[in-house]
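# Structural overview
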Amino acid sequence: MPVALSILDLAPIAPGRTARDSFAASVELARAAERTGYERVWYAEHHSMPTIASSATSLVIGHVAEHTETIRLGAGGIMLPNHSPLVIAEQFGTLESLFPGRIDLGLGRAPGTDRQTMRAIRRDATSSDTFPQDVLELQGYLRGKSLIEGVQAVPTADTEVPLYLLGSSLFGAQLAASLGLPYAFASHFAPDALHEAIAVYREQFRPSEQVPEPYVIAGVNVFAAEDPADAEAQRRIAFRNRSRAFIARGPVGREYTDDEIDEFLASPAGDQLNSMARYTAVGGPEDVRAFLESFAAATGADELITVHYTEEVPDRIASVELTAKAMGIG
């Protein structure tokens, strides 16, 4: 059987476009994923980032679910330290009640933003200290078995919302293993501890009610096009946009030219950004298939969650479709 494929939709707001354009593109992307055999589409919680539209993650999931029929949709992830477990249980219990059997809830420990924005969310740096306890509290609400006497999440869906732990370190791997939850590693942008974390997770895994065996999802970037030169051109544009967003975080500065961005990426200062995206498949269908098969074999992942973040939506849809066909799921 081919490795399962899913999609992480970054809900990008391309230069000159609006958040409304981004939501329309997310619907189109999810429909493409649905008709070509992907397992799920996830959306990540980010705040105060002008190029990402998925800050209200549960609302984006509900919107896309209204415009699709069968594909699973979820958070990859909700940054739980930003929220009360009860409120997240209410949101995802509502989603599961409206779209039964289609909702996932991935949970992360990072704030998904910078310290100043974290304070604006009314959280502080110690909020993540109780993450393990918060996961258990949330799980109790979703199962209708609250750990807090006299408190329940309403609605509680008839079918349980499955939890996934997200991470890029050994902490997340160990916690997912101890709780018997699937583990999704953010190797599409934080690849350094990938192999060690997966090994720790598998070694320490304890079977649970949700999953009897370890289940690993690994992130990987994909730029697929019929012409490999087109795929490489799309990658360059996407990496430039990502670099601009990285440089511009904080006070708004001047706009950098393509030549300046390319110079930055070729410098020692740009090495870190390039290294973050080391797991990136670029090229025609056969190139992408070879990379993804090698990546899946090296990690032993049960599922690959692919990130297609070309600037133009038709190119993004084509990348999704070509990857599905190349990997034998479409």
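Higher on the page you've got the structure.
All of the points below concern the structure found in this document. Every chain is numbered independently, its residues counted from 1 as its sequence is written. Local features in this predicted model are restricted to residues of pLDDT 70 or higher, and side-chain atom pairs are both shown and tallied only at a pLDDT of 80 or more, whereas totals for entire chains, interfaces and linings draw on every residue. Each side-chain value is derived from all of the structure's non-hydrogen atoms; neither hydrogens nor water enter the calculation.

## Regarding the overall build of the protein chain
So the rule is basically this: Put simply, DSSP H or I for four residues or longer makes a helix, DSSP E for two residues or longer makes a strand, and each gets a number counted from the N terminus. Any residue under 20% of the maximum accessible area for its type is buried, any over 50% is exposed, and the rest in between are partly exposed; the area is computed with a 1.4 Å probe on protein chains only. Note on definitions: a residue-residue contact is assigned when non-hydrogen atoms from the two residues lie within 4.5 Å. Each accessible area is a Shrake-Rupley estimate made with a 1.4 Å probe; only the visible protein chains count as cover when residues are assessed. Charged residues are defined here as Lys and Arg on the positive side and Asp and Glu on the negative side; His and the ends of the chain fall outside this count. We put the charge of a Lys on NZ, of an Arg on CZ, of an Asp on CG and of a Glu on CD.
Counting secondary structure elements, the protein chain contains twelve helices and nine strands. Dimensions of the protein chain, computed from the C-alpha atoms along their principal axes, are close to 60 × 50 × 40 Å. A buried classification covers 51% of the 330 residues belonging to the protein chain. In the protein chain, the proportion of contacts linking residues at least 24 apart, taken out of those at least 6 apart, comes to 73%. Total accessible area on the protein chain stands at roughly 15,000 Å², and carbon and sulfur atoms take up 53% of it. Put simply, the protein chain has 27 plus and 44 minus side-chain charges, and the middle of one group is 3 Å from the middle of the other.

## Observations concerning the nonpolar core
When a protein is soluble and globular, its nonpolar side chains tend to lie buried together. Quick note on the threshold: We call a set of buried Ala, Val, Leu, Ile, Met, Phe, Trp, Tyr and Cys residues a nonpolar core when their side-chain atoms join them within 4.5 Å.
Core analysis: the biggest nonpolar cluster contains 72 residues, and Phe-92, Leu-105, Leu-107 and Leu-304 have the highest contact counts within it. Beyond its immediate sequence surroundings of up to four residues, Leu-304 is in contact with Val-3, Ala-4, Leu-5, Ser-6, Ala-218, Val-220, Leu-292, Phe-295 and Ala-296. Membership of the second largest hydrophobic core comes to 20 residues, among which are Phe-223, Leu-265, Leu-273 and Ala-277.

## Some thoughts on the side chain of His-188
Its place among the elements puts His-188 in the loop between β6 (183-185) and α7 (194-204). Those residues in contact with His-188, other than ones at most four positions away along the chain, are Leu-8, Gly-219, Val-220, Asn-221, Met-276, Ala-277 and Val-307.

## Thoughts on unusual backbone geometry
Residue Gly-76 is joined to Gly-77 through a cis peptide bond whose omega torsion reads 5 degrees. Among the secondary structure elements, Gly-77 is positioned in strand β3 (residues 72-79). With an omega of 0 degrees, the peptide bond between Val-154 and Pro-155 qualifies as cis. You can see Pro-155 is positioned in the loop between α5 (131-142) and β5 (163-167). A positive phi angle, near 45 degrees, is found at Ala-11, a position not held by glycine.

## Let's talk about the pattern of salt bridges
Here is the rule: For this document, the term salt bridge refers to a Lys or Arg side-chain nitrogen within 4 Å of an Asp or Glu carboxyl oxygen.
Going through the model one piece at a time under the given rule, you end up with 15 salt bridges. Between Arg-289 and Glu-293 there is a salt bridge, with the nearest N and O atoms lying 3.1 Å from each other. You can see Arg-289 and its partner Glu-293 sitting in helix α11 (residues 285-299), four residues apart, about one turn around the helix. By relative accessible area, which is 26% here, Arg-289 ends up partly exposed. Residue Glu-293 is classed as partly exposed on the basis of its relative accessible area of 39%. Each of Arg-40, Arg-72, Asp-104 and Glu-303 takes part in one network of salt bridges that share partners.

## Concerning a nonpolar patch on the surface
Short version of the rule: Within the patch definition used here, like charges are joined within 9 Å and nonpolar side chains (Val, Leu, Ile, Met, Phe, Trp, Tyr) within 5 Å, considering only residues with over 30% relative accessible area and no salt bridge.
Taken together, the side chains of Leu-136, Leu-147 and Ile-148 present a nonpolar region at the surface, about 260 Å² in accessible area. Take Ile-148: it is sitting in the loop between α5 and β5.

## Thoughts on the side chain of Thr-299
For Thr-299, the location among the structural elements is in helix α11. Classification of Thr-299 by relative accessible area gives buried; the value is 6%. The residues contacting Thr-299, other than those within four sequence positions of it, are Leu-194, His-195 and Ile-198.

## Describing the packing of α5 against helix α6 (residues 170-179)
Test applied: Helix axes are fitted to C-alpha atoms over the stretch in contact, other axes to C-alpha atoms as well, and angles between N-to-C directions run from 0 to 180 degrees. For a crossing to be left-handed, the near helix must be turned anticlockwise from the far one by less than a right angle; the clockwise case is right-handed. We call Asp, Glu, Lys and Arg charged. Ala, Val, Leu, Ile, Met, Phe, Trp, Tyr, Cys and Pro are nonpolar, and the rest, Gly among them, are polar.
It is the contact of α5 with α6, at a shortest axis distance of 11 Å, that shows an interaxial angle of 35 degrees. Note that α5 runs across α6; the crossing there is right-handed. Taken together, the residues of α6 that come into contact with α5 (itself represented by Phe-131, Pro-132, Val-135 and Leu-136) are Phe-171, Leu-175 and Leu-179. Grouping the constituent residues of the contact of α5 with α6 by class yields seven nonpolar, no polar and no charged.

## Examining the packing of aromatic side chains
Worth spelling out the cut-off: For Phe, Tyr and Trp, where Trp contributes only its six-membered ring, two rings pair if their centres lie within 6.5 Å, and the inter-plane angle classes them as stacked under 30 degrees, edge-to-face over 60, or tilted in between.
The final tally for this structure, using the stated rule, is eight aromatic pairs. Residues Tyr-183 and Phe-185 carry aromatic rings whose centres are separated by 6.2 Å and whose planes lie at 75 degrees to one another, so their mutual orientation is edge-to-face. Assessed through its relative accessible area of 2%, Phe-185 is described here as buried. A ring pair is formed by Tyr-183 and Tyr-201, whose centres lie 5.4 Å apart and whose planes are at 40 degrees; its orientation type is tilted. With Tyr-183 in strand β6 and Tyr-201 in helix α7, this residue pair connects regions lying 18 residues apart in the sequence.

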